[in-house]
Amino acid sequence: MKKLLFLGALICSMGLNAQSLGYNDLGVLYGSEDNNGTARYRALSGAFGALGGDLSAVEINPAGAAVFLKSEFSVTLNSRDQSINTNYYNTNNLFEDNYTNLSQAGVIFTFKNNGSSNWKRTSVGFNYTLSKDYNNYWRATGNSGFATFIYDSSFTDDGDDTNDNLYLNTDGQTFENLTSGKNNKYTFSIASQYSDDLYIGASVSTHDISFVQRVSLSEDNNDGNGNTNASDSFLRNDLFNAGTGASFSVGLISKPTDNIRLGLSYQSPTWYEFEEEFNSDEGLNFFQYSLRTPSKVTGSFAYIFDKNGLISVDYTHRNYSNTKLSPTIDFGDENQTFNTDLKAAGELRVGGEWRIKKASLRGGFHHQKSPYQDALSSDDLKGYSLGFGYNFGNIKLDLSYENSNRTDVYDFYPQYSEVNAAELDFDTSKVTATLVFNI
C-alpha cells in the first residue's frame, strides 16, 4: 500500500489555489493597463495628456477629443514579441513567443459652431482599445533540495515506522504557467473647445475581461534506493475568469500661451463583476465576486515648437492600496493585504515629435513604478519608443517600435518558506502600425 504523508498530502492539496494567481495578484493584474493604442501614441510612449488630437489620447484625457480639427477614423495592428527568462535555483529557461492583435479602432466626429457662442467646436467619439493582453507562457525547472511530496511506498497499519520506505530526496521540480485572454475597453467620449484656449471633455468606458490560467507542478523524488515517485507527485489546476466593468473619465486642456499646453484628467475606479471557475485535482468550483480598481490622476505638460514639432510629459498617480474585493465578508484578508502590501505608484511618460514636411520622426521614454511595497527597482517597468509617420493627405500612416523590460517573482510553493520563488525576467518588443482616414 502506498501512502502520501500528511505534510505532502494535506498542505499541498489545500495550497493548490496558491499555484494559480491569488486574488491579490489578480486585483493588481486587472487594475493595470498596457501602453496600447495608435502607433503615434505609442511612438511618444503615451505622453499625450496635454496634446489630444489622437484617438488613444482620449483614453488619458477625454478633453483631447476637442483638439481634432477634422473627423477621423483609425485602425491599429500590434505585434508583440515576448521574451521570458526564468531562473529557479540557478537553472535558466528562455521562452520566446509572438502575439498579433487588433489593438485599436475608433472614430471621432467633429462639429464646428458657426454661431456667436464661445463654444467653438464639439467632438463625439468611440474608441476600442486592447487595454491588456494576457497571453504568455513560461516554465521554471530546477532543484530546491526540499521534498514537499513525501511518500511512503510500503505503508502498513502495523504501528512500526521502521519498515516504512520514504521518498525524502528530491531530484527537481517543474512548474508550467500558461495564461491567455485580454481586457477589451470601449470608450464613448464627448468634448468641446471653449474660446481659443480651453478644452473640456468626459468619457464613459465599458470593459470586458477574459482570463485563463493553466498551471502544473511536478516534483521528482526518490527514496535513496533508486526508486522514484514521478508519476504520483503531480498537481494541475485551471482558472477561468470572465468579467465586465465600467468607468468614467473627465479632463481639461488649457493653452496659457501659443506654445504651452497643460492637461489634467481623472479616471475613476473600474467597477468589475467577475464569474470564476476553478478546476483542480480536488474538483470543480464556481464563484462570483466584485472588484474595484484604484482611480488615477494624470497631469500633463507639452511645449509646441510652432509647426515644427513638440515635446510632451505626462505623470500619472495611482494608489493600488485602494483596490478592493467584495463581498467584504469573504475577502477580509485580501483587502487587508491590499492595504499593507501595495502602495501608490507613479508613471512618467515623455515623448517628442519633429516634422519634416509631410513626415514625422518620434520618440519617447516611460517608467512605471511597481505597486508592491517590497518590490526591487528592477521590478519597475522601463522602456523606450521610436516612430515614424507620413501624411498622404486624407490618409496617414504611422509606425512605431517599443521595447520595455521588468523583473518579477512567482512563488509556486507559498506554503513552504524553505523553497525560493522563481525569478522572472520579461523583455517585450512591440511593433505597431496605424492607418488614419479623414472622413
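Residues numbered from 1 in each chain as written. Predicted model: local features only at pLDDT ≥ 70, side-chain atom pairs only at ≥ 80, totals over all residues. Heavy atoms only, no water.

Asks: Could you give me a rundown of unusual backbone geometry, with the residues and numbers involved?
Replies: The general pattern is negative phi for most residues beyond glycine and trans for most peptide bonds. Note the cis peptide between Ser326 and Pro327, where omega equals 10°. Tracing the backbone through its elements, the reader meets Pro327 in the loop between strand 15 (324-326) and helix 6 (332-341). Of note in the backbone geometry, Tyr89 takes a positive phi value of approximately 50° without being a glycine. Within the fold, Tyr89 resides in the loop between strand 2 (72-88) and strand 3 (91-112). Tyr89 gets classed as partly exposed once you look at its relative accessible area, which sits at 26%. At Asn90, a residue that is not glycine, the phi angle is positive and equals roughly 65°. Counting through the fold element by element, Asn90 comes out in the loop between strand 2 and strand 3. (Helix = DSSP H or I, 4+ residues; strand = E, 2+ residues; numbered from the N terminus. Buried < 20%, exposed > 50% of the residue type's maximum accessible area, 1.4 Å probe, protein only.)

Asks: If you had to explain the layout of surface pockets to someone new, which residues and values would you point to?
Replies: Quantified by volume, the second largest pocket comes out at close to 1,000 Å³. Lining the second largest pocket we find 38 residues, and of these Arg40, Gly53, Leu69, Arg355 and Lys396 sit closest to its centre. By residue class, the composition of the lining of the second largest pocket is 14 nonpolar, nine polar and 15 charged. (1 Å grid on protein atoms, 1.4 Å probe; cavity = no way out; pocket = protein on both sides within 12 Å on 5 of 7 lines; lining within 4 Å. Points joined across faces, edges and corners; volume = space filled by probe spheres on them. Nonpolar A, V, L, I, M, F, W, Y, C, P; charged D, E, K, R; others polar.)

Asks: How would you explain the environment of Ser56 if you had to name every residue and give the values?
Replies: Among the structural elements, Ser56 can be located in the loop between helix 4 (39-43) and helix 5 (57-60). It is 9.3 Å that separates the C-alpha atoms of Ser56 and Ala105, two residues lying 49 residues apart in sequence. Setting aside residues no more than four positions away along its own chain, Ser56 makes contact with Gly37, Thr38, Tyr41, Gln104 and Asn127. (Contact = heavy atoms within 4.5 Å.)

Asks: Can you explain the nonpolar core? Please cite residues and give values.
Replies: Membership of the largest hydrophobic core comes to 19 residues, with the highest contact counts inside it found for Leu26, Tyr30, Ile209, Phe211, Phe274 and Tyr289. If one sorts the elements of this core by residue count, helix 3 (residues 23-30) sits on top with four residues. If we ignore the near neighbours within four places in the chain, the residues touching Leu26 are Leu21, Phe211, Leu239, Asn241 and Tyr289. Within the second largest apolar cluster, 18 residues are counted, among which are Trp138, Leu235, Tyr416 and Ala422. (Core = buried A, V, L, I, M, F, W, Y, C linked by side-chain atoms within 4.5 Å.)

Asks: Could you give me a rundown of empty space enclosed by the protein, with the residues and numbers involved?
Replies: A full pass over the atoms with the stated rule returns five cavities of 30 Å³ or more. Computed from the structure, the largest cavity encloses a volume of approximately 380 Å³. If you trace the largest cavity, you find 24 residues lining it, with Glu33, Asp34, Tyr41, Lys296 and Glu347 closest to the centre. At the level of secondary structure, the elements contributing two or more residues to the lining of the largest cavity comprise helix 5, strand 4 (119-133), strand 13 (296-305), strand 14 (309-319) and strand 16 (344-356). Per element, the largest residue contribution to the lining of the largest cavity is four residues, and it comes from strand 16. Residues of the lining of the largest cavity, tallied by class, amount to four nonpolar, eleven polar and nine charged. Considered as a void within the structure, the second largest cavity measures approximately 70 Å³ in volume. Every residue lining the second largest cavity is counted, 14 residues in all, and those nearest its centre are Tyr30, Gly31, Glu33, Thr270 and Thr293.

Asks: Could you give an account of the packing of aromatic side chains, with specific residues and numbers?
Replies: Enumeration according to the criterion identifies 32 aromatic pairs in this entry. Ring plane angle 80° and centroid distance 5.2 Å describe the contact between Tyr23 and Tyr289, whose orientation is recorded as edge-to-face. Of this pair, Tyr23 sits in helix 3 while Tyr289 sits in strand 12 (residues 283-292), placing them 266 residues apart in sequence. A connected cluster of aromatic rings, assembled from ring pairs, spans Tyr23, Tyr30, Tyr134, Phe211, Tyr272, Phe274, Phe287, Tyr289 and Phe331. The aromatic ring of Phe426 is capped on one face by Arg406, whose charged end is 4.3 Å from the ring centroid. (Phe/Tyr/Trp six-rings, centres within 6.5 Å; stacked < 30°, edge-to-face > 60°. Lys NZ or Arg CZ within 6 Å of the ring centre and 35° of its normal.)

Asks: Please set out the confidence of the model for the chain residue by residue, giving values where relevant.
Replies: Low-pLDDT portions of the prediction should not be read for the details of their coordinates. Averaged over every residue, the pLDDT of the chain is 90; the share at 70 or more is 91%. When the criterion is pLDDT under 50, residues 1-18 qualifies, and its contacts beyond four places in sequence or with other chains add up to 45 contacts. (pLDDT = per-residue confidence, 0-100.)

Asks: Could you give an account of the pattern of salt bridges, with specific residues and numbers?
Replies: Here the structure, examined in full by the defined rule, presents 16 salt bridges. For Glu402, the salt bridge is made with Arg42, and the minimal N-O distance between the two is 2.6 Å. Of this pair, Glu402 sits in strand 19 (residues 395-410) while Arg42 sits in helix 4, placing them 360 residues apart in sequence. Across the pair Arg349 and Glu347 runs a salt bridge, and its minimum N-O distance is 3.4 Å. Each member of the salt-bridge network shares a partner with another, and the members are Arg40, Glu353, Arg355, Arg362 and Asp398. (Salt bridge = Lys/Arg side-chain N within 4 Å of Asp/Glu carboxyl O.)

Asks: Outline the side chain of Asn222, supporting the account with residue identities and numerical values.
Replies: Mapped onto the elements, Asn222 comes out in strand 8 (residues 198-222). Since its relative accessible area comes to 13%, Asn222 is described here as buried. In contact with Asn222, other than residues within four places in its own chain, are Leu166, Tyr167, Leu168, Asn169, Asp171, Asn227 and Thr228.

Asks: Tell me about the pairing of strand 10 (residues 260-267), and name the residues and values.
Replies: Residues of strand 10 alternate between two faces, with Arg261, Gly263, Ser265 and Gln267 buried on one and Ile260, Leu262, Leu264 and Tyr266 left unburied on the opposite face. As defined by bridge partners, strand 9 (residues 234-254) adjoins strand 10 across six bridges and the pair is classed as antiparallel. If you follow Ile253 over to strand 10, its bridge partner there is Gly263. Count of turn residues in the strand 9/strand 10 antiparallel hairpin: five residues. Two elements, strand 10 and strand 13, share eight bridges in a ladder whose sense is antiparallel. Bridge pairing links Ser265 to Thr298 in strand 13. (Pairing = 2+ DSSP bridges.)

Asks: I'd like a rundown of the pairing of strand 18 (residues 381-391), residues and numbers included.
Replies: Bridging between strand 17 (residues 359-368) and strand 18 involves ten bridges; their strand directions are antiparallel. When the sheet's bridge partners are listed, Gln368 is paired in strand 18 with Leu381. Alignment of strand 18 against strand 19, held across ten bridges, turns out to be antiparallel. Pairing of Asn391 across the sheet is with Lys396, part of strand 19. With antiparallel pairing between neighbouring strands as the criterion, strand 18 and strand 19 make up a hairpin whose turn holds three residues, including Gly393 at a positive phi of roughly 120°.

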